[in-house]
Amino acid sequence: MKTALKHIVTLSALALAAQAQAAPYTSIVPAKSSVTFSYKQMGVAMDGRFKKFAAQLHLDPAKAEQAKASFEVDLTSVDTGSGEADEEVVTKSWFNTAAFPKAQFVAQQIKPTAANQYEVQGTLSIKGMTREVKFPMKHSAQGKDGLLTGGFTLKRADYSIGEGMWAKFDVVANDIQVNFSITAQSGK
């Protein structure tokens, strides 16, 4: 019993040491990552995603306070599941991608809240408007890679997403749930 306990303690210490010495994440794997959104249209749940995004990243989960991260989404890559809706949502009334083709998030602070859980605070810019956002994020090791997951509720009115006849929330709700699942890689 003592020997088994000693082995468990030794293995745990080695695992922690290996985790502490792991290289920080410096890039993402878009093919293994996703940025999705969900909302209600006329009371019906709808889902979509963005097919193109990129990140600049330097994140060591053991030293999250020192992290630097920015994330850019190509708004023209929106996929609502309907070609007609995809064409509408890039117009001036919605994302206005002719003038503002990208959305950008810049992390200002990442702090641990529990084991492998963090609170991320930063700024989100869409259509030339920048707002503070805060959301929870989880980390799980996947070999040398890491999986970062989280999400937040975006108020579309805060960014003038849906102007003119779309400004009211009777057809498309104000709350848009944005979720991400990002596979991050350590430097090579």
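As the structure is a computational prediction, the values presented were derived from the model and not from experiment.

A word on the overall build of the chain
Okay, so step 1: Of regular secondary structure, the chain possesses two helices and 11 strands.
Okay, so step 2: Helices and strands in the chain line up, N terminus first, as α-β-β-β-β-β-β-α-β-β-β-β-β.
Okay, so step 3: Sequence-distant contacts, at least 24 apart, represent 58% of the contacts inside the chain between residues at least 6 apart.
Okay, so step 4: Carbon and sulfur atoms form 56% of the exposed surface of the chain, whose accessible area is close to 11,200 Å².

Some thoughts on the packing of aromatic side chains
Okay, so step 1: Counted under the stated rule, the structure contains eight aromatic pairs.
Okay, so step 2: Geometrically, the ring pair formed by Phe37 and Tyr39 is stacked, given 6.1 Å between the ring centres and 25° between the ring planes.
Okay, so step 3: Residue Phe37 is classed as buried on the basis of its relative accessible area of 11%.
Okay, so step 4: Assessed through its relative accessible area of 12%, Tyr39 is described here as buried.
Okay, so step 5: Taken together, a centroid distance of 5.4 Å and an interplanar angle of 50° make the contact between Trp94 and Trp166 tilted. Highlighted residues: Trp94 in the loop between α2 (83-89) and β7 (102-114) and Trp166 in the loop between β10 (145-155) and β11 (175-186), separated in sequence by 72 residues.
Okay, so step 6: When its relative accessible area of 7% is taken as the criterion, Trp94 is described as buried.
Okay, so step 7: Owing to a relative accessible area of 22%, Trp166 belongs among the partly exposed residues under this scheme.
Okay, so step 8: Taken together through their ring pairs, the aromatic side chains of Phe37, Tyr39, Phe50 and Phe95 make up a single cluster.

Topic: unusual backbone geometry
Okay, so step 1: With a phi close to 60°, Asn116 is a non-glycine residue in the positive phi region.
Okay, so step 2: Within the secondary structure, Asn116 is located in the loop between β7 and β8 (117-126).
Okay, so step 3: In this structure, Lys127 takes a positive phi of about 55° despite not being glycine.
Okay, so step 4: With respect to the element layout, Lys127 can be found in the loop between β8 and β9 (129-142).
Okay, so step 5: Classification of Lys127 as buried rests on a relative accessible area of 6%.

Quick notes on the nonpolar core
Okay, so step 1: Judged by nonpolar contacts, the single largest core of 40 residues is most densely connected at Leu59, Ile110, Ile126 and Leu154.
Okay, so step 2: Looking at this core element by element, the count peaks at five residues for β11.
Okay, so step 3: Not counting the four nearest positions on each side in its chain, Leu59 is found in contact with Pro24, Tyr25, Ala64, Ala67, Ile110, Met137 and Leu148.

Focus: the confidence of the model for the chain
Okay, so step 1: Summing up the model confidence of the chain, the mean pLDDT is 89 and the portion of residues at 70 or higher is 88%.
Okay, so step 2: Of the regions scoring below 50 in pLDDT, residues 4-21 engages in one contact with residues more than four places distant in sequence or in other chains.

Observations regarding the pattern of salt bridges
Okay, so step 1: A complete count under the given rule lists four salt bridges for this structure.
Okay, so step 2: One salt bridge in this structure joins Asp79 and Arg49, with 3.3 Å as the shortest N-O distance. Highlighted residues: Asp79 in strand β6 (residues 78-79) and Arg49 in strand β3 (residues 44-50), separated in sequence by 30 residues.
Okay, so step 3: Residue classification places Arg49 among the partly exposed residues on the basis of a relative accessible area of 39%.

Description of the layout of surface pockets
Okay, so step 1: There is about 960 Å³ of room inside the largest pocket.
Okay, so step 2: Grouping the constituent residues of the lining of the largest pocket by class yields 37 nonpolar, five polar and three charged.

Definitions and limits used
Residues numbered from 1 in each chain as written. Predicted model: local features only at pLDDT ≥ 70, side-chain atom pairs only at ≥ 80, totals over all residues. Heavy atoms only, no water. Helix = DSSP H or I, 4+ residues; strand = E, 2+ residues; numbered from the N terminus. Contact = heavy atoms within 4.5 Å. Areas by Shrake-Rupley, 256 points an atom, 1.4 Å probe, with all protein chains shown as cover. Phe/Tyr/Trp six-rings, centres within 6.5 Å; stacked < 30°, edge-to-face > 60°. Buried < 20%, exposed > 50% of the residue type's maximum accessible area, 1.4 Å probe, protein only. Core = buried A, V, L, I, M, F, W, Y, C linked by side-chain atoms within 4.5 Å. pLDDT = per-residue confidence, 0-100. Salt bridge = Lys/Arg side-chain N within 4 Å of Asp/Glu carboxyl O. 1 Å grid on protein atoms, 1.4 Å probe; cavity = no way out; pocket = protein on both sides within 12 Å on 5 of 7 lines; lining within 4 Å. Points joined across faces, edges and corners; volume = space filled by probe spheres on them. Nonpolar A, V, L, I, M, F, W, Y, C, P; charged D, E, K, R; others polar.

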